[in-house]
Amino acid sequence: MIAHVSGTSTGVESPGVDVLPRITDPSSVAPASARRLSKLFLERLTVLEEGTHEYQYARNTLIEMNMSLVRFAARRFRDRSDEMEDIVQVGTIGLIKAIDRFDISREVEFTTFAVPYIVGEIKRFFRDTTWAVHVPRRLQERRVELARARDELSSRLGRAPKVSELAALMDVSEAEVVEAQVASNGYTASSLDAAMNGDDGDDGETVLADFIGAVDPAMELVEDLGSLAPLVVELGERDRRLLHLRYVEELTQAQIGEIMGCTQMHVSRLLSRTLARLRAGLLQDGCTG
């Protein structure tokens, strides 16, 4: 509400030439009055010293009086999944930037100047925060161009457009179209616990994680065998035969002793010595690799 003064009918306190009217509830000021008062406050803001109490009053009142502009702009994005309160808060940042950058000498309506700032700030918010995977800004913008081109060509051709057709319409290379298509996959992400609808009529719940491969522990074994092979080649014929009988044919130490003509105890010592040599070679390879 605008402070009332006895004997006046305008609802505005009669101030001096350099004194702003005192508005107790700026958010309740009607849009038509807000436009008229905003011009007065903006003119005064240009001559007030920043940081003073009067400057803060003028700036804060301008913000509150023009929140209807923010809510008006935010309604354009009401179909977004984000909370409207968050969108209004982001739009308010755009309003504040418009107030701080408005040039009264340009004779442009403040509403005309402010709305693009507010909408731009909201769009920047969606561009920077709604992607599930961060991609460069140029690809975020290219995704929008790609969507428009795809819609236009699909409507015109009656089918899904080819990469070459999209590239021609967007005036970019086919590689850039493919890059934008790949980047578009990062806009949204599904939970690994998301239920999947099967075609086999199975009533059991299947989740996305069931279709995603896991780390194969045998991969480490492949790497170890790859490192072990050259070390085995360096062993003598007897040691290689010993390893073959024990780990390929999976014979016991007693059976190996009978084949090689030695005791089980001697087979055990030979295995221990050979394995220690291979282990040392693997560790040395790991340190130098």
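Every residue gets a number counted from 1 within its own chain, in the order that chain's sequence is written. Local features in this predicted model are restricted to residues whose pLDDT is 70 or higher, and side-chain atom pairs enter the listing and the counts only when it is 80 or higher, whereas totals over whole chains, interfaces and linings include all residues. As a convention, hydrogens and water are excluded, and side-chain values are obtained from all of the structure's heavy atoms.

### Focus on helix α3 (residues 67-74)
Now for step 1: Classification of residues uses two cut-offs on accessible area relative to the type maximum, computed with a 1.4 Å probe and protein chains only: under 20% is buried, over 50% is exposed, and between them is partly exposed. Strands here are runs of E lasting at least two residues and helices are runs of H or I lasting at least four, both read from the DSSP assignment and numbered beginning at the N terminus. Taken as a whole, α3 has its buried residues at Met67, Leu69, Val70, Ala73 and Ala74. Projected down its long axis, α3 carries its buried residues within an arc of 155°, all on one side. What the arc describes is the spread of directions from the helix axis to the C-beta atoms.

### Some points on the side chain of Glu121
Now for step 1: Of note, Glu121 is situated in helix α5 (residues 110-129).
Now for step 2: Take Glu121: its relative accessible area is 12%, and that puts it in the buried class.
Now for step 3: It only takes one pair of heavy atoms within 4.5 Å for two residues to be counted as in contact. With sequence-adjacent residues up to four places away left out, Glu121 is seen in contact with Val90, Ile93, Gly94 and Lys97.

### Some words on the confidence of the model for the protein chain
Now for step 1: Per-residue pLDDT for the protein chain has a mean of 80; in total, 79% of the residues score no lower than 70.
Now for step 2: Predictor confidence is given residue by residue as pLDDT, running from a minimum of 0 to a maximum of 100. Taking the mean pLDDT of every element in the protein chain, the minimum, 66, falls on strand β1 (residues 195-196) and the maximum, 93, on helix α2 (residues 53-65).
Now for step 3: Note that residues 1-17 has pLDDT below 50 and, in this model, 28 contacts with residues that lie over four places away or in other chains.

### Here's the deal with the packing of aromatic side chains
Now for step 1: Stacked, edge-to-face and tilted are the three classes for Phe, Tyr and Trp ring pairs, Trp counted by its six-membered ring, which pair at centre distances within 6.5 Å; planes under 30 degrees apart are stacked, over 60 edge-to-face, the rest tilted. For the structure on display, the rule yields 4 aromatic pairs.
Now for step 2: The interplanar angle of 65° and the centroid separation of 5.3 Å between the aromatic rings of Phe102 and Phe113 together place this pair among those described as edge-to-face. Here Phe113 lies in helix α5 and Phe102 lies in the loop between α4 (84-101) and α5, a separation of 11 residues in the sequence.
Now for step 3: When its relative accessible area of 13% is taken as the criterion, Phe102 is described as buried.
Now for step 4: The exposure class assigned to Phe113 is buried, which follows from its relative accessible area of 15%.
Now for step 5: Between the aromatic rings of Phe113 and Tyr117, the centroid separation amounts to 5.0 Å while the plane-to-plane angle is 40°, which identifies the pairing as tilted. Highlighted residues: Phe113 and Tyr117, both in helix α5, separated by 4 residues, approximately one helical turn.
Now for step 6: The class of Tyr117 is partly exposed, set by a relative accessible area of 26%.
Now for step 7: The rings of Phe102, Phe110, Phe113 and Tyr117 are connected pair by pair, giving a single aromatic cluster.

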